[in-house]
Structure formats: structure tokens, C-alpha cells
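Listed here are the chains, written in short residue letters.
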Amino acid sequence: MKPINEISSVLTPLDRKNVDTDQIISKEFLKRIERTGFGKYLFYHWRFKADGTPNPEFVLNDTRFQNSEILVAQENFGCGSSREHAPWAILDYGFRVVIAPSYADIFYNNCVKNGILPIRLQEAEVTALLEKGKQARYRLDVDLRQQSVTGEDGASYSFDIDPYWKEMLLNGWDEISLTIQYDSYIQAYEEKTQQAQ
Amino acid sequence: MAKTIIEKIWEQHIVFEEPGKPDLLYIDLHLLHEVTSPQAFEGLRLNGRKVRRPDLCFATMDHNVPTRNRSVIKDPISRKQIKTLQENCDEFGVPLAGINHPDQGIVHVIGPELGLTQPGKTIVCGDSHTSTHGAFGALAFGIGTSEVEHVLSTQTLWQSEPKTMEIRIDGKLGFGVSAKDIILAIISTYGVDMGTGHIIEYTGEAIRNLSMEERMTICNMSIEAGARAGLVSPDETTVDYLRGRRNVPEGEAFEREAERWLALATDEGASYDVSHTIHADDISPFVTWGTNPSMGSGIAEHVPTSADYDKQEDRDALRQALAYMQLEEGAPLSSIAIQHVFIGSCTNARLSDLRAASEIVKGRTVHPAVTAIVVPGSETVKRAAEAEGLDQVFLQAGFEWRETGCSMCLAMNEDAVPAGERCASTSNRNFEGRQGAGSMTHLVSPVMAAAAAIEGHLTDVRNYMKEPVPQA
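Figured I'd write up the structure that's included with this text.

Definitions and cut-offs
Position labels on residues start from 1 in each chain and follow its written sequence. Key to labels: chains lettered from A, ligands numbered from 1, both in the order written. Local features in a predicted model are, by the rule used here, given only for residues with pLDDT of at least 70; side-chain atom pairs are given and counted only at 80 or more, and totals for whole chains, interfaces and linings are based on all residues. Only runs of H or I of at least four residues qualify as helices and only runs of E of at least two qualify as strands under DSSP, and these elements are numbered from the N terminus. Partly exposed residues are those whose C-beta has more than 12 but fewer than 20 other C-beta atoms within 10 Å; with 20 or more the residue is buried, with 12 or fewer it is exposed, and the C-beta atoms are placed from the backbone. We treat two strands as partners when DSSP finds at least two bridges between them. Only the stretch in contact is used when a helix axis is fitted, and all axes are lines through C-alpha atoms; the angle between N-to-C directions ranges over 0 to 180 degrees. Reported orientations rely on four angle classes, namely roughly parallel under 35 degrees, roughly antiparallel over 145, roughly perpendicular from 65 to 115, and oblique for the rest. Crossings are assigned a handedness: left-handed for a near helix turned anticlockwise from the far helix by less than a right angle, right-handed for a clockwise turn. Note on contacts: residues are paired as contacts if their backbone-placed C-beta atoms lie within 7 Å. Throughout this entry, Asp, Glu, Lys and Arg are counted as charged residues, while Ala, Val, Leu, Ile, Met, Phe, Trp, Tyr, Cys and Pro are counted as nonpolar. The remaining residues, Gly among them, count as polar. In this analysis, the expected span of each helix is defined as 1.5 Å times one less than the number of residues it contains. What the arc measures is the spread of directions leading from the helix axis to the C-beta atoms. Remark: nonpolar core denotes a set of buried Ala, Val, Leu, Ile, Met, Phe, Trp, Tyr and Cys residues whose joining runs through C-beta atoms within 7 Å.

Attention now moves to the overall build of chain A. Helix and strand counts for chain A come out as eight helices and seven strands. Across its three principal axes, chain A shows a C-alpha extent of roughly 65 × 45 × 25 Å. Relative to its 197 residues, chain A shows a buried fraction of 44%.

On to the sheet that holds strand β11 (residues 229-231) of chain B, then. All names here are of chain B. The parallel open sheet is built from four strands, whose spatial order is β11-β10-β9-β12. Each edge of the open sheet is held by one strand with a lone partner, namely β11 and β12 (274-279). Each strand of the sheet is rotated relative to its neighbour by a mean of 20°, with strand direction disregarded. Here strand β9 (residues 163-170) pairs with strand β10 (residues 198-203) via six bridges, running parallel. Along β10, the bridge assignment pairs E166 with E201.

A few words now on helix α5 (residues 145-154) of chain B. Because each turn of an α-helix spans 3.6 residues, side chains separated by three or four positions in sequence point in the same direction. Residues and elements named next belong to chain B. Among the 10 residues in α5, 10 count as buried, and that is most of the element. Burial in α5 covers these residues: T145, S146, E147, V148, E149, H150, V151, L152, S153 and T154. Positive backbone phi, at 60°, marks Q155, one or two positions downstream of α5.

So, about the packing of helix α12 (residues 351-361) of chain B against helix α15 (residues 446-455) of chain B. Residues and elements named next belong to chain B. The geometry of α12 relative to α15 is characterised by a closest axis approach of 8 Å and an angle of 30° between their N-to-C directions. Relative to α15, α12 is oriented roughly parallel. Handedness of the crossing formed by α12 with α15: right-handed. Note on element contacts: α15 touches α12 through P446, V447, A449, A450 and A451, opposite D353, A356, A357, I360 and V361. Across the contact of α12 with α15, the residue classes break down as nine nonpolar, no polar and one charged.

Moving on, we come to helix α11 (residues 312-325) of chain B. Residue and element names in this part refer to chain B. Here α11 spans 20 Å end to end across 14 residues, near enough to the 20 Å set by a 1.5 Å rise per residue. Residues of α11 that are buried include every one of A317, L318, A321, L322 and M325, and no others. Taken end-on, α11 shows its buried residues confined to a sector of 125°, consistent with a single buried face. Facing away from the buried surface of α11 by more than 90 degrees, the exposed residues are Q312, R319 and A323.

Quick look at the interface of chain B and chain A now. Listed per partner, the contact involves 53 residues of chain B and 43 residues of chain A. Mapped by element, the contributors of at least two residues to the side of chain B that touches chain A are β1 (14-16), β2 (23-26), α2 (38-46), α3 (76-92), α5 and α11 of chain B. For the side of chain B that touches chain A, the residue count by class is 17 nonpolar, 25 polar and 11 charged.

Glancing now at the environment of G298 of chain B. Its place among the elements puts G298 of chain B in strand β14 (residues 296-298). For the pair G298 of chain B and M61 of chain B, spaced 237 residues apart in the sequence, the C-alpha separation amounts to 35 Å.

With that settled, the discussion passes to the sheet that holds strand β5 (residues 96-97) of chain B. Residues and elements named next belong to chain B. Taken in spatial order, the five strands of this open sheet run β5-β4-β3-β6-β7, and their pairing is parallel. Of all the strands in the sheet, just β5 and β7 (139-142) have a single pairing partner and so form its edges. Inspection of the sheet shows strand β3 (residues 29-32) paired to strand β4 (residues 57-60) by three bridges, in the parallel sense. When the bridges of β4 are listed, L32 appears paired with A59.

Residues and elements named next belong to chain B. At their nearest, the axes of α12 and helix α14 (residues 390-397) sit 10 Å apart, and the two run at 40° to each other. It follows that α12 is oblique to α14 by the angle criterion. You can see that α12 and α14 cross each other, and the crossing is left-handed. Residues L354, R355, S358 and V361 of α12 lie in contact with α14, whose contacting residues are L390, V393, F394 and A397. Taken together, the residues that form the contact of α12 with α14 break down as six nonpolar, one polar and one charged.

Among the nonpolar cores identified, the biggest contains 196 residues, and V72, I90, V98 and I99 of chain A together with V341, A449 and A452 of chain B are the most heavily contacted of them. Broken down by element, this core gets its largest block of residues, eight residues, from α15 of chain B. Residues in contact with I99 of chain A, not counting those within four places in the same chain, are I70, V72, I119, L121, V126, L129 and V149 of chain A.

With that out of the way, let us pick up the pairing of strand β18 (residues 422-425) of chain B. All names here are of chain B. Residues R422 and A424 point to one face of β18 and C423 and S425 to the other, with burial holding for every one of them. Two strands pair when backbone bridges link them, and strand β15 (residues 340-343) and β18 are joined in this way by three bridges, in the parallel orientation. Within the sheet, the bridge partner assigned to H340 lies in β18 and is C423. Sheet topology note: the β18/strand β19 (residues 440-443) ladder contains four bridges and is parallel. In the sheet register, R422 faces β19, and the bridge partner there is M440.

Pasting the structure below:
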């Protein structure tokens, strides 16, 4: 996966809580056997009307946010299904960072395994970002190494991230290659449990 | 020191641990299906990797399969996904219950049926409803496709130790109240993210009294409470269910295993990070009115009003949900007319679910405005139901009796609810568009779905049941 450290971009405010993976990528688009090409289906039923034309009410169709790499939403983002197609769609669309007060566990894992940085900020901080982002184009500088988010007006926030995931994201490592280095431990475990039976 | 079953299973599966790192956990059983596995197998191929333990994998096809005519998959992309799983299983030596196999079915229904699901195992699948298998006292959770590839290649996962949560259901369930009502009541009380970062253990008298199939219904929807996994400590009910199944030992070896399983149960005095208690008396037959599983109430109640919420964001969520669901604030839930009934899914398509629904349906007729389908959870469930004549009960009442699969739970196959129409569904998610673009879902138990099919609107199933006379 692509390493990630510093991202500077206008934020896209998606002012909703409990955004589920069915909304992020609807089931009719899960039949592909590739990992790419899902971006055009991101938030499909919010983004497009039933006749297939863009819904002007939806934030992704607001021209102010074109080419944004940072998506901001309310709590429990990515709840529901384990479909990794959700982060694949987010990434393929062009987002590298998501900011929310909280995430569903599986979705969070799926993000970090695809080079998307899911940032947790306090609820009040996210609310402030959403308000600023809705009023005008609002640029953020995200720095993973420093674990900081800084707004164009100087507002600054820090975030926590598990050091293991931070290292993986900064380096864009392939987790399987890392785990294979622990093969002797896996073999030892298998021998031990075999004997116990 | 007294330990929970969660801690015991976790400790038994640590392959490698080091401070500042997640633990490397061994995975005992890896279930696969056609939707979340193709990219994982492709990843193996691209990197020249093998499946480390094909003997610990088991695959089936469920999400895309047609429920009318098995031999025709009209959608070419669905067909390709099905074919790809077949080819991947052949190439990597993974056992598969394919589309025409007598064991085929929804992955979370067949794992337990085949005795693959056992207490104390770590079980994963690229599917969030893997939590179902926790009913056996297994640590079972859904994973993404990158993790599927990781498990295929290494039989392990890096996992940070979760927090533990007890949800205790005290007392006895009331008349007409089922396992589905328990889990819907839990989620509506505590919210869809109550379980984030936790594994839930369900305890208490009401849980102990449930059958294995009822426990599966509850554990299945742990993910709807935000928990990756939910489980029930094994007891004699668990052991009785597994005795004699394929893939479990026989004779004395089984009794030894059973002893080991029972010892996994949470120790007396063990503590949890969080504990909640609900009284079974407070639970009544439930329906959801909104667009996530926490938006529900007892059938005798009304759609909430803005005045019921203190926070602006909750009022916004209510407004958005009701706009999608085409419902008015304060409307009585039992007035909501439905056009579709779906009895199926990994939540509620086991034999006992079909039996319970058939009791309500027997001798009655589906409302003329309603299309009602029954989709058994597996070929095994279907055969058993037909042997008891349940198919005839449903057919005579005007239900359709289909082949097995995930079907209308997520409408990846042809079974979709049309836009603007409403379904009383025994599945697990009422998200926007879940059962088809523009469709509206009301989650209910199998008996509540059956009663709605007869009446043509959501209704209290207790009116269809005879209350048992209390024993003196």
C-alpha cells in the first residue's frame, strides 16, 4: 500500500452520524473481483438520484470540495458490514484521510490496511471542523508523524493512533510480509497444540 | 484469578506477544464466501503465496445465489464471482460446499450445523455476522479482505486485546417474546456503537434458558451493537447440540472435549470492563421504525417525536430516518402497512425459526397486498423443514418457499424489495437501501414477520398466540 504522512487538503464535511458501509458502497457494486474501480460508486445512492443524475444536495457533488483528500463525519463512521470495498471506494475516489469522533472496529482496521488514515478527534472538535467546512472551503494540514491536524486558521488538534498502525501507514508496509517473519512462532504454536490433542 | 471466557480463549491463542504491539493470534477456523474472498486469493497469487492450512478453511456460496432456479444466475458479474470462488478453492485446496452441494447454505448457518463451530475456537470470516458463532463460546469475528488474505497466508491475525462487556438478561422471557426481541431491545437501549472495541458476553437466566439457535440469533447481531464479537459461555445446551455432529469427535473423545469446553465458561467472580443488566420482563415483541437497528420499540409503541430527544444530532438523525422511511412522528407502529415479508438470513432462518413462524401461519392466509417469502438458511434446514411439512404450511398460506441463501437480507441476488415498498424482515439490518434501492425495512422476529404477512401491517403477534396457563 501507499505510504502516508503529510496530507494537505480542503476537507469534505459529511455531517451525519452512524454512516454505514451499505451507504459507503452499496451491495450492487460488491460483485467485482478487483480491488480498484469502486470510487465512482462511493455513496452512490446519496450522490445520485434514482434517474442516475447527480444529487445537488449531496456534499460530494458540491464543486467546492472537488479533489478533497479529507473526509470528515460524525461518530461511528463505517458501521455495519465488514466489506473492504468501503475503504477501497473511499481511497479510489481520492480520500486519504477520514476524521470522525469514532469508527466501527472492522472498518477502522480495513482503512489502515489500505493506506487510509482514520483520525479520531473529540466530538466537539469534529463538530467545529464540520461547521467551518460547511461555511467555506477549509484547508487542513494532517501530519501523521506529529499526530496533528492543523486548520488554515491555526486551529490545531492532536490525535492518538496505535504505534503499530502508525508505523505500517508511514511505511506503507505489507502486513503479510511482516508476519511471515514470525513463522517459527506460528510453527511452534501449531506443534504445541497438535501435541495437546 | 477468575477469568472470563474471552480472556481464556484469547490467552490460549497467542502465538507471539510483545509490549507495544497487538498480539499475534492463531485462527482455528476460517470460513469463506464468494463476495469478500476473490481479492484475497488474487493477492496470494500475485505474491506467489499458498494457503497455509486449507484444512482449517471452509467455503460456501451464499450472498449471490439465486433462490428460485439454482441453475441460472442471470447477472454475469454474480456468475463470475461464484465461478471465481470455485476456481480459487480448486487451486488452493480449500474445502467448498458449492452451489449444488447438499451442505450449501448461509455460511453462519452451516458452520454450526456441520459441527465446525466449536467452543473455544477462534473463528473468522470476511463477514461481519461471523459473531453468530459466538453462541458456542467461540471467539468469532468478521474481518476485511486484507485480513482474509492474511489468515489464508499465515493462519494468524494481529489483534489488540479487546475490552470485555457483560450483558446480563435476568429473569424469564414473557409470552410471545423471542431471541430477536432480546437483541433488538439491547441495541435500542444502548445504541449501535455501545460495543465498539469490546467483546460482549451474554449472561443471565434468560440467556441460559435459550436454545443454541436462539443464542445464535443474539450473537449474530452483536455487530449491530458495534461489537465485533459476542458470545455465550458453553453449557450442557451447547454440548447437547454438538454431540453426534460431523467434525466433532465421537464417544469418549467427545466427552473429553465436552469437559474441556465446559471449563472455558467464565469463572465465578470474573470481572468485565463494562456490565449492563436488562430484565427479561421489560422486553416485548419488537419492531424497528428507522434506518439503523437501534431505532426500534415494542410493537405497542409509537414512532418517536423530536421532543423525545435532548440532543440536536439525535433530532437530525430522527428526521433523516423518518424522511427515508416515509413515516410521521408519533405514528402507532402497528399501523404501518407492509408489502413484503422476508423470513430468512443468518439471523433467523434456522429450523426453529421456521417452525415458530409456521405455527402462526398454519391455517391462515397471507394478506392479498403482501408478497411473502421463506428462504431457509441452508440445504440442511430446507430438507428438515420439508420432512416436517413446514414448506406445505407456508405454501398453503400463500408464502413462496425458496432455495437457500442470503437473499433479501441484502438483495445481492434477484430478491429485492422495490423502491418505496416496505418489508417486515427477520434479517439484521434496516440501513437505507439494504433490501433494494429505496426499500424500507422493519426488523422483526420470525413470528412477528409471520403475523405481519397475515395482517398486511406490523402487528402484535401475541394476538395470534395462546398464552400458556401458568402451572399452579
